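# A structural walkthrough
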Amino acid sequence: MRPDSHLPRALRGLRIPAVAAPMFIVSVPDLVIAQCKAGIIGSFPALNAREAAGEPPMLEVWLRRITEALDAHNQAHPDHPAAPFAVNQIVHRSNTRLERDIEICARWKVPVWITSLGARVEVNEAAHSCGGIALHDIINNRFARKAIDKGADGLIAVSAGAGGHAGPQNPFALITEIRSWFDGPLLLSGAIATGQAILAAQVAGADLGYIGSPFIATEEANAVPEYKQMIVEGGAEDIVTSSLFTGVSGNYLKPSIARAGMDPETLPGAEVSSMSFSEGSSKPKAWKEIWGSGQGIGAVEAVTPAAMLIDRLVREYDAALDGVTRVAEGRS
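What counts and what doesn't
- Residues numbered from 1 in each chain as written.
- Predicted model: local features only at pLDDT ≥ 70, side-chain atom pairs only at ≥ 80, totals over all residues.
- Heavy atoms only, no water.
- Helix = DSSP H or I, 4+ residues; strand = E, 2+ residues; numbered from the N terminus.
- Rg over C-alpha atoms; globule rule 2.2 N^0.38 Å.
- Buried < 20%, exposed > 50% of the residue type's maximum accessible area, 1.4 Å probe, protein only.
- Contact = heavy atoms within 4.5 Å.
- Areas by Shrake-Rupley, 256 points an atom, 1.4 Å probe, with all protein chains shown as cover.
- Lys, Arg positive; Asp, Glu negative; His and termini not counted.
- Charge placed at Lys NZ, Arg CZ, Asp CG, Glu CD.
- Core = buried A, V, L, I, M, F, W, Y, C linked by side-chain atoms within 4.5 Å.
- Phe/Tyr/Trp six-rings, centres within 6.5 Å; stacked < 30°, edge-to-face > 60°.
- Pairing = 2+ DSSP bridges.
- Axes fitted to C-alpha atoms, helices over the stretch in contact; angles between N-to-C directions.
- Polar contact = N/O pair within 3.5 Å; in protein donor to acceptor, adjacent residues only side chain to side chain.
- Parallel < 35°, antiparallel > 145°, perpendicular 65-115°, else oblique.
- Left-handed = near helix turned anticlockwise from the far one by under 90°.
- Nonpolar A, V, L, I, M, F, W, Y, C, P; charged D, E, K, R; others polar.
- Right-handed = clockwise from strand over helix to strand, strands pointing away.

Moving on to the overall build of the protein. Looking only at helices and strands, the protein features eleven helices and ten strands. Expected size for 332 residues packed as a compact globule is a radius of gyration near 20 Å; at 19 Å, the protein falls within 12% of this value. Oriented by its inertia axes, the alpha-carbon framework of the protein measures out at about 60 × 45 × 40 Å. Expressed as a percentage of the 332 residues in the protein, the buried residues total 54%. Partitioning the contacts of the protein with sequence separation of at least 6, the portion at a separation of at least 24 is 65%. Element-wise, carbon and sulfur atoms account for 53% of the exposed surface of the protein, whose accessible area totals about 14,500 Å². Here the protein contributes 29 positive and 36 negative side-chain charges, whose respective centroids are spaced 3 Å apart.

Shown next as structure tokens:
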């Protein structure tokens, strides 16, 4: 484990070393504000902020709301300021909003930019132009090198067991390969659902944990009650990996697939070329009906406010750290 003094300012001084992952549909301003107030970095995908034709950009509305809410919190609680927030940009050729959304985020000086499905120099430059940092999610060492070569400040290692577009590799193998050449900010994604898992990620060589699925079962999440309850009742055996729904391998809840009239055990695959994030795409409908999740949901026992979930993670992290310290002292 390393102290956080080497990290960019936006990633330092968090209540626990954790970033809430941006989740399609699920992550909205209410959830982001609650996460940041509770001491971890909250995030949302820019594409979640949808507007009807002719309306002003909803992304601008969301950024104003989040910024003003966190500023008000910081003025009222100067000794316990909120953590920064992050916006996820889908850097895929089908995202026709990308250029517009980059301009809006730069104007609002978004402190942390998370890029997915493509690394592009101009996106990283836009983040840097407003004083932000760029973190790029990757599923293997080759993509990690490309991201850093194109100007990303840090990496999110998406390993096996993560929700959404999960990678296939064991987290220990992935972190070891990246750390052989990269000493910058490194986050680990993949069944990070407890404080113990956050600490384990650090011990393995990451700087922070990257947490998604547990936040689906929070009061602030934009998920239907059935989805939240499925997270509470589910475990690792209830997750299936498939490329059918987006063209890229992802992890989903088996019961939601069955509810949609399909057999989760015999799903066909789909080509990467079928992925689309353009306006009017039919893909969001699939995500509304087929619910993504990582393998760590066995740790989720109830639907709670996001702050209560973070309180649990803090208690678990502190207890695990005390245990590791006692073991180290016993060996010295």
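Bringing the nonpolar core into the picture now. By size, the foremost hydrophobic cluster in this structure holds 50 residues, and its most contacted members are I178 and F215. At seven residues, helix α11 (residues 306-331) tops the list of elements feeding residues into this core. Setting aside anything within four residues of it in sequence, one finds F215 in contact with A20, M23, L31, Q35, I40, A221, A306, L309 and I310. Grouped together as the second largest cluster of nonpolar side chains are 29 residues, L70, F85, V87 and L98 included.

A few words on the packing of aromatic side chains. Tallying each qualifying case throughout the model produces four aromatic pairs. Their ring planes at 65° and their centres at 5.3 Å tell us that F44 and W62 sit as a pair that is edge-to-face. Highlighted residues: F44 in strand β2 (residues 42-45) and W62 in helix α2 (residues 58-76), separated in sequence by 18 residues. Between F245 and Y252, the aromatic rings sit 5.0 Å apart at their centres with planes inclined by 70°, giving edge-to-face as the arrangement. This pair shows no difference in class: F245 is buried, exactly as Y252 is.

Our next topic: the sheet that holds strand β3 (residues 85-90). Spatially, eight strands are ordered β1-β8-β7-β6-β5-β4-β3-β2 in an open sheet, and the strand pairing comes out parallel. The sheet terminates laterally at β1 (18-20) and β2, the two strands that pair on one side only. Neighbour-to-neighbour, the strand axes of this sheet turn through a mean angle of 25°, independent of strand direction. Sheet topology places β1 next to strand β8 (residues 208-211); three bridges connect them, and they run parallel. Bridge pairing in β8 links V19 to Y210. Sitting on the sheet, α2 touches β2 and β3, and the angle it makes with β3 is about 160°.

Attention shifts here to the side chain of N88. The residue N88 is located in strand β3 in this model. The buried category is assigned to N88, whose relative accessible area is 5%. At 3.0 Å, the side chain of N88 forms a polar contact with the side chain of S116. If sequence neighbours within four positions are ignored, N88 has contacts with P22, F44, P45, A46, I114, T115 and S116.

On to the packing of α2 against helix α3 (residues 98-107). Taken N-terminus to C-terminus, the directions of α2 and α3 make an angle of 20°; their axes are 10 Å apart at the nearest point. Classified by the angle between their axes, α2 and α3 sit roughly parallel to one another. Our pair here, α2 against α3, has a crossing hand that is right-handed. Taking contact as the criterion, the partners of L59, E60 and L63 in α2 are, on α3, D101, I104, C105 and R107. By residue class, the composition of the contact of α2 with α3 is four nonpolar, no polar and three charged.

It is worth spelling out the pairing of β3 at this point. Counting buried residues in β3 gives six out of six residues, a clear majority hidden from the surface. With burial as the criterion, each face of β3 is covered, one bearing F85, V87 and Q89 and the other bearing A86, N88 and I90. Strand direction decides the pairing type here: β2 and β3, joined by four bridges, are parallel. Across the sheet, the residue bridging to P45 is N88, located in β3. The parallel pair β2 and β3, bridged by α2, forms a crossover whose chirality is right-handed. Judged from the five bridges that link them, β3 and strand β4 (residues 112-116) form a sheet pairing that is parallel. Counterpart to A86 in the pairing with β4 is V112. The β-α-β motif built from β3, the intervening α3 and the parallel element β4 has right-handed crossover chirality.

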